[in-house]
Amino acid sequence: MELSTIKGLGEKNEKLLQQCDIFSVEDLLSYYPYRYEFLNPSTKLFSDEKMIQAVNAVIEGEAKVSYIRRNFNSLRFRVLIENKIVQVSIFNRAFLKPNLTLGREITIIGKYNEKKNQFVANDIKLNVVKESKITPVYHLVRGLKNVNFENWMLDALRKPITLVDKIPDHYLEQYEFIPKSKALQYLHKPQSAEEVKRARLRLIYEELFDFMFKILYLKEKETKALGLERDLDIKKVEEFISSLPFSLTEDQLKAIHDGLDDLQSERRMNRLILGDVGSGKTIVATLLMYANVLAGYQSVMMAPTEILATQHYLSLLKLFENYPLHLELLVGSMKVSEKRKVLERIQTGQVDIIIGTHALLSEQVEFANLGLVVTDEQHRFGVNQRKNLQNKGYRSDVLYLSATPIPRTYALTIYGDMDTSMIEVKPNGRKPIITKLRKEQELKEVLAAIYEEIKLGHQVYVVAPLIEESDSEELKDVNLLKEKFELAFRDKVSIGVLHGKMKSNLKDEVMKSFEQGDCNILISTTVIEVGVDVKNATMMVIFNAERFGLATLHQLRGRVGRNDLQSYCYLISNQDSERLHVLEESNDGFYISEKDFELRGQGDLFGVNQSGDMTFRVADLKRDYKILLQVKKDVAEFLESGAYLRNSYYMNLVQTIDFTN
Ligand code: ADP
Ligand code: MG
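Note that the coordinates shown come from a computational prediction; the quantities given were computed from them, not determined experimentally.

A.B. asks: I'd like a description of the sheet that holds strand β14 (residues 397-402), backed by residues and values.
C.D. replies: Where strands meet in a sheet, backbone hydrogen bonds hold them as pairs that are either parallel or antiparallel. With parallel pairing, the seven strands of this open sheet are ordered in space as β11-β12-β10-β13-β14-β9-β15. Lying at the two open borders of the sheet, with one neighbouring strand each, are β11 (327-330) and β15 (419-423). With strand direction ignored, the average angle separating the axes of adjacent strands in the sheet is 20 degrees. Inspection of the sheet shows strand β13 (residues 370-375) paired to β14 by four bridges, in the parallel sense. From the neighbouring strand, V373 faces β14, where its bridge partner is V398. Lying on the sheet, helix α9 (residues 281-294) is in contact with β9 (270-275), β10 (298-302), β12 (353-356), β13, β14 and β15; it crosses β10 at an angle near 155 degrees.

Have a look at this one:
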């Protein structure tokens, strides 16, 4: 149903709603509140300093605004509560001033300090709230207010709309779930906390059921899918292995053998290599690409950034220096003429191994006989992007590499549609990275440590969370840090700067000078997060470490410790959080992810939010893990019994999956 049928929803708002992925009334109703405000306003002040309270008050004095910093102001006014004059302050609400007229009754929400007779508000309701009320709170975009959503939802709930219920009848009955329409009612206009709870439970189950169905159906399909059956030249592969400058770990060898078996089998390979940062996944993929080329097919490897793709390309060029293999790089920033040449060479089969970025997904890229598709850092790509590349070949085998160290149990569920090889032990000779948590005041010590490393001829990464100067002084940005460092080190060191907004040729230049050791310190944003490999780098310094998830920090730290030198990591943060100590304690990605899961929930753990694969509206994999396990059983039963064949939603879904895979 069209959005314009909703009362008070004009064209301008329709545009704004599109930013929330809302294009219809159905979408609107599926836009769930992310939290609720339980307001039970009182006319009395409680003297408990720590308690957040909602109080009704009458404005008694004119409001005054003071501007503290750019984008930071304070609004102050007096109110009357129970015959008592109280001073109220609230930050960044200067715009409310015209509404705060003398004598107006409002509800203020915040904390009261009796000694100072001061009420620090974090919210003000201009229309006084008389009775206790539950307000759903929605994620907003600029230009939309929460009350807009509240009103539109009320109208939408009255429309004769039925949203598909993805829970099959059998399970609806078994668990006595409320019907979908009722759940929406409860969610957008709850009368009690109990209603919210009941609605959420069934929506979580529904969301996970749908998610799990896709995974298990794909898995079943993949196990049947035909691949390319090849005769492999195992002897040549083994020769290559023994020519490597290092010996492979047992886990690496196991992963290679799993992969070789897949290549030989008539079944299509659909394998994930899961291994912590620095565990040596690239060489495993390289060997399999080589085996595939020997069997007469092209191999392609897709990486999420140009830096990474280029690095893979250069290191493979070196590895295959003495082999009659043709390699090419394909990235977005290449000149059109250059690209055209490469495209032609790919199409005519003159290239054996192609390495590139998203640029590979372009329609113009056609392969002569693609046999193996490798996706590095697979969590950075959406399912469709991965499939898109795979579909450029006929029955191509598929290999994914991922360093997202997620707890094993979760991995098995989430990656349930793939075969998995784990690389758990890192190559020998690696010393654990010594990690230290330091406060900003202790920067001197850190600078001294950096200088020690540089004197030894080693290199240092410095990571800052933001690119541009920010309003918040807490956050360091790369340029500011550069100045600071230059001041500290004078001309004794050379410093490079790297961030996402730079032109890619400039980025490459900086990266190259760091790789060649011309530059001692590389200050960057998290663009270096994935994959970059500079063996001589032995120290990682991360500012505002509290801003990052443990998984990200661990990945960043993994940029050092890439040879047998002792490496260090400094986490700079003024907050003393339990979370960050986990990194001091451990270098084990799986352990860290387990802890992260415990402390934060699914959060940024998977790093996949960008790709949209794993974003849930109501479910949370950690919190709802038990439900997920039950759902997995139910879905397996639903598939096996063939009941899905009689369910129109799932039949449609199956057709879509079949069509795109
Ligand atoms: P990741 O798994 O994070 O992608 P890489 O594949 O980039 O890790 O490997 C990290 C580094 O370790 C690379 O420089 C690689 O050449 C090296 N390496 C890989 N396997 C071994 C091994 N068995 N022994 C020593 N070094 C290795
Ligand atoms: Mg890698």
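From this point on, the discussion continues.
A.B. asks: Describe the pairing of β14, with residues and values.
C.D. replies: Burial analysis of β14 places six of its six residues in the buried class, the great majority of the element. Burial along β14 is two-sided: D397, L399 and L401 facing one way and V398, Y400 and S402 facing the other are all buried. By the bridge criterion, five bridges tie β9 to β14 in an arrangement that is parallel. When the bridges of β14 are listed, L274 appears paired with S402.

A.B. asks: Which residues make up the side chain of K507, and what values do they have?
C.D. replies: Its location among the elements puts K507 in helix α16 (residues 504-515). Although K507 is buried, it forms no salt bridge, and the closest oppositely charged side chain is D508 at an N-O distance of 7.3 Å. For K507, the contacting residues outside a window of four places in its chain are I307, L498, H499, G500 and M502.

A.B. asks: How would you sum up the sheet that holds strand β19 (residues 521-524)? Please name residues and give values.
C.D. replies: With respect to topology, six strands assemble into an open sheet ordered β16-β21-β20-β17-β19-β18, the strand pairing being parallel. The open sheet has two edge strands, β16 (434-438) and β18 (495-498), and neither has a second partner. Neighbour-to-neighbour, the strand axes of this sheet turn through a mean angle of 15 degrees, independent of strand direction. Pairing between β18 and β19: four bridges, direction parallel. When the sheet's bridge partners are listed, V497 is paired in β19 with I523. The sheet contacts of helix α15 (residues 478-489) involve β17 (459-463), β18 and β19, and relative to β19 the element is tilted by about 155 degrees.

A.B. asks: Quick one: what's the story with the pattern of salt bridges, residue by residue and with numbers?
C.D. replies: A full pass over the atoms with the stated rule returns 27 salt bridges. Across the pair E105 and K130 runs a salt bridge, and its minimum N-O distance is 3.3 Å. Of this pair, E105 sits in strand β6 (residues 105-113) while K130 sits in the loop between β7 (118-125) and β8 (133-137), placing them 25 residues apart in sequence. Judged by relative accessible area, E105 falls into the partly exposed class, the value being 34%. D419 serves as the salt-bridge partner of R267, at 3.2 Å between the closest nitrogen and oxygen. Of this pair, R267 sits in the loop between α8 (250-264) and β9 while D419 sits in strand β15, and the two are 152 residues apart along the sequence. Judged by its relative accessible area of 31%, R267 is partly exposed. Put simply, E37, R93, D123 and K125 are held in one network by salt bridges that share partners.

A.B. asks: Report on the pairing of strand β4 (residues 72-81), specifying residues and quantitative values.
C.D. replies: Alignment of strand β2 (residues 53-59) against β4, held across two bridges, turns out to be antiparallel. Counterpart to V58 in the pairing with β4 is L80. With five bridges connecting them, strand β3 (residues 64-69) and β4 associate as antiparallel partners. Residue pairing for β4: K64 is matched across the bridge by R76. Between β3 and β4, which pair antiparallel one after the other, the connecting turn spans two residues, and N71 there sits at a positive phi close to 60 degrees. Both β4 and strand β5 (residues 84-91) contribute to a ladder of eight bridges, which runs antiparallel. If you follow R78 over to β5, its bridge partner there is Q87.

A.B. asks: Please give an account of the site of ligand 1 that cites residues and values.
C.D. replies: Inspection of the region around ligand 1 gives 17 residues, with G278, K281, T282, D533 and K535 positioned closest. G278 places a polar main-chain atom, nitrogen or oxygen, 2.6 Å from an oxygen atom of ligand 1. Contact distances for ligand 1 include 3.4 Å between an oxygen atom and a backbone N or O atom of S279. Computed on the free molecule, ligand 1 has an accessible area of 570 Å², of which 86% lies beneath the protein chains in the complex. Here the residues of the shell around ligand 1 sort into four nonpolar, seven polar and six charged.

A.B. asks: Hey, could you go over the packing of helix α5 (residues 180-188) against helix α6 (residues 193-224) for me, with residue numbers and the actual values?
C.D. replies: At a minimum axis separation of 8 Å, α5 and α6 run at an interaxial angle of 130 degrees. Judged on the interaxial angle alone, α6 and α5 are oblique. The interaxial crossing formed by α5 with α6 has left-handed handedness. Contacts between α5 and α6 involve K180, A183, Y186 and L187 from the first element and E195, V196, A199, R200, R202, L203 and E206 from the second. Among the residues forming the contact of α5 with α6, the class breakdown is six nonpolar, no polar and five charged.

A.B. asks: Explain the nonpolar core to me, using residue names and the numbers behind them.
C.D. replies: L28, F149 and F213 are the most contacted members of the largest nonpolar core, which totals 65 residues. At the level of secondary structure, the elements contributing two or more residues to this core comprise α1 (11-18), α2 (25-29), α3 (146-158), α4 (169-174), α5, α6, α20 (625-640) and α21 (648-660). Residues contacting F213, with those up to four places away along its chain left out, are V635, F638, L639, Y644, Y650, L653 and V654. In this structure, M289, A291, F367 and L401 belong to the second largest nonpolar core, which totals 57 residues.

Cut-offs used in this document
Residues numbered from 1 in each chain as written. Chains lettered and ligands numbered in written order. Predicted model: local features only at pLDDT ≥ 70, side-chain atom pairs only at ≥ 80, totals over all residues. Heavy atoms only, no water. Pairing = 2+ DSSP bridges. Helix = DSSP H or I, 4+ residues; strand = E, 2+ residues; numbered from the N terminus. Axes fitted to C-alpha atoms, helices over the stretch in contact; angles between N-to-C directions. Contact = heavy atoms within 4.5 Å. Buried < 20%, exposed > 50% of the residue type's maximum accessible area, 1.4 Å probe, protein only. Lys, Arg positive; Asp, Glu negative; His and termini not counted. Salt bridge = Lys/Arg side-chain N within 4 Å of Asp/Glu carboxyl O. Near = heavy atom within 4 Å. Polar contact = N/O pair within 3.5 Å; in protein donor to acceptor, adjacent residues only side chain to side chain. Areas by Shrake-Rupley, 256 points an atom, 1.4 Å probe, with all protein chains shown as cover. Nonpolar A, V, L, I, M, F, W, Y, C, P; charged D, E, K, R; others polar. Parallel < 35°, antiparallel > 145°, perpendicular 65-115°, else oblique. Left-handed = near helix turned anticlockwise from the far one by under 90°. Core = buried A, V, L, I, M, F, W, Y, C linked by side-chain atoms within 4.5 Å.

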